[in-house]
Amino acid sequence: MIAVDRGRYTCVLAGAPDTGLPEGGTITAMRARELGRKSVVVGDRVGLVGDTSGVPGALARIVRIAERTSVLRRSADDDDTTAEGRLERVIVANADQLVIVGSLADPPPRTGFIDRCLVAAYDAGVAPLLCLTKADLAGPEPVLDYYAELDLRYVLVRPDSDLGEVRDRLTGQVSVLVGHSGVGKSTLVNRLVPDAARAVGTVSAIGRGRHTSTSAVALRLPPVGDGRTDPGWIVDTPGVRSFGLAHVSADSLLHGFPDLVEGTVDCPVNCGHRADDPDCALDAWVAAGRADPRRLASYRRLLASWSGIAE
């Protein structure tokens, strides 16, 4: 399933001829009543019945959702005691990697947002890829230095740069792109899929909605070379202001900071890892030069927000 808009789901038939555009082998469908309250999201592999011809006006029914290999989620808030925090949103199912798009200038990089995305990626079991745009305006060294202890894959993008390395990272993958408004995510999508605007417009027309600003849409990457290799899919998401993590556990929150995990081995049982926990071993771990103090500060800010405690 590649898009949803006002109760209409756009699906691509497995093995259907693919031109790189949604109209190539696409079917419009509705949820069958027998699905009950099960949600259908972009990336889901579904079973269809009814009119699967794909001709204008045809409408199939989604009767089955295959087991998901991964589920990428976010909540509107960190605190699950609030209505916003309990509002958990599944961004996409069956993704292979999360591409975190951040600019190096105008706006400046926000490592706090990147940290949140990393937590969500590790929690969902998808591989993170950091994509740093506007590399013509500033160097990546400060950001890369901040993540020096992580084996974090990254790519740099300039307005006139060749996107060969980016495409190599996306080939054969279902990749979800997330980022704040203004970081160049839409520009990157349009460079990767030159017909993206027309493709999304076609999906919107099916549901008669305003798809591009409200929900995710999956776009088939154009084939490269002899076309025998799966070029992959990118899932474009609306620009977000925050990435709430109320849905993750405390352990998942910590494992979003793999450079700090080993430092908690000497912590007492039930240690909260906060700055006011006198026996927390993370302070000594950082003091010994085994992790960047900025990373510990970021983790504790996130932990405070997640637990509803103002630090």
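The shown structure was predicted, so the numbers you read here are calculated from the model rather than taken from an experiment.

Student: Can you help me understand the packing of aromatic side chains in this one?
Tutor: Each aromatic ring pair is specified by the distance between its two centres and by the angle formed by the two planes. Considering all chains together, one arrives at two aromatic pairs under this definition. Their ring planes at 90° and their centres at 4.6 Å tell us that Tyr146 and Tyr147 sit as a pair that is edge-to-face. Here Tyr146 falls in the buried class, since its relative accessible area comes to 6%. Here Tyr147 falls in the buried class, since its relative accessible area comes to 4%.

Student: For this particular structure, what's the right way to read the nonpolar core?
Tutor: The tendency in soluble globular proteins is for nonpolar side chains to be buried as a group. Residues Leu72, Leu98, Val176 and Tyr299 are the most contacted members of the largest nonpolar core, which totals 63 residues. Of all the elements, helix H2 (residues 111–124) adds the most residues to this core, at eight residues. Leaving out residues up to four positions away in the same chain, Leu98 has contacts with Leu72, Cys117, Ala121, Val126, Ala127, Pro128, Leu129, Val176 and Val178. Among the nonpolar cores identified, the runner-up in size contains 19 residues, and Leu163, Leu177, Val183 and Val193 belong to it.

Student: Would you take a moment to explain helix H10 (residues 293–306) for this structure?
Tutor: An α-helical turn contains 3.6 residues, so any two residues separated by three or four positions project in the same direction. Here H10 contains 14 residues, and its C-alpha end-to-end distance of 20 Å stays within 8% of the 20 Å for a straight helix at 1.5 Å per residue. Taken together, the buried positions of H10 are occupied by Arg295, Leu296, Ser298, Tyr299, Arg300, Leu302, Leu303 and Ala304.

Student: Hey, could you run me through unusual backbone geometry in this one?
Tutor: Across residues other than glycine, the phi torsion is negative in most instances, and most of the peptide bonds are trans. With an omega of 5°, the peptide bond between Asp106 and Pro107 qualifies as cis. Tracing the sequence through the fold places Pro107 in the loop between strand E8 (97–103) and H2. Here the phi dihedral of Arg6 falls at roughly 50°; this positive angle occurs in a residue that is not glycine. Its place among the elements puts Arg6 in the loop between strand E1 (3–5) and strand E2 (8–12). Here Arg6 falls in the exposed class, since its relative accessible area comes to 55%. Unusually for a residue other than glycine, His273 sits at a positive phi of about 65°.

Student: Please clarify how the environment of Ser75 should be interpreted in this entry.
Tutor: Tracing the sequence through the fold places Ser75 in strand E6 (residues 71–75). Judged by its relative accessible area of 0%, Ser75 falls in the buried class. For the pair Ser75 and Val248, spaced 173 residues apart in the sequence, the C-alpha separation amounts to 9.5 Å.

Student: So what exactly am I meant to see when it comes to the state of the cysteines here?
Tutor: Such a bond, covalent and formed between the sulfur atoms of two cysteines, is termed a disulfide. Taken as a whole and judged by the stated rule, the model has zero disulfides. In this model Cys267 remains outside any disulfide bridge; the closest cysteine sulfur is found in Cys280, 4.0 Å from its own. For Cys280, a relative accessible area of 7% translates into the label buried.

Student: Would you take a moment to explain the environment of Glu34 for this structure?
Tutor: Residue position: Glu34 is located in the loop between strand E3 (26–31) and strand E4 (46–50). Given a relative accessible area of 53%, Glu34 falls into the exposed group. Expressed as a C-alpha distance, the spacing of Glu34 and Ile62, which sit 28 residues apart in the sequence, is 9.4 Å. Excluding residues that lie within four positions of it along the chain, Glu34 makes contacts with Arg61 and Val63.

Cut-offs and rules
- What you see as residue numbers is a count from 1 along each chain, following the sequence as written.
- Owing to the predicted nature of the model, reporting of local features is limited to residues with pLDDT of at least 70; listing and counting of side-chain atom pairs is limited to 80 or more, with chain, interface and lining totals taken over all residues.
- Working from all heavy atoms in the structure, the side-chain values ignore hydrogens and water.
- Note on aromatic contacts: the rings of Phe and Tyr and the six-membered ring of Trp form a pair at centre separations within 6.5 Å, being stacked when their planes are under 30 degrees apart, edge-to-face when over 60 apart, and tilted otherwise.
- Accessible area is worked out with a 1.4 Å probe on protein chains only. A residue is then buried under 20% of its type maximum, exposed over 50%, and partly exposed in between.
- Put simply, a nonpolar core is a bunch of buried Ala, Val, Leu, Ile, Met, Phe, Trp, Tyr and Cys residues held in one set by side-chain atoms that sit within 4.5 Å of each other.
- Numbered from the N terminus, helices here are DSSP runs of H or I no shorter than four residues, and strands are runs of E no shorter than two.
- Residues are treated as being in contact if the distance between any of their heavy atoms lies within 4.5 Å.
- The length a helix should cover is 1.5 Å for every residue beyond the first.
- Whenever a pair of cysteine sulfur atoms sits within 2.5 Å, that pair is classed as a disulfide.

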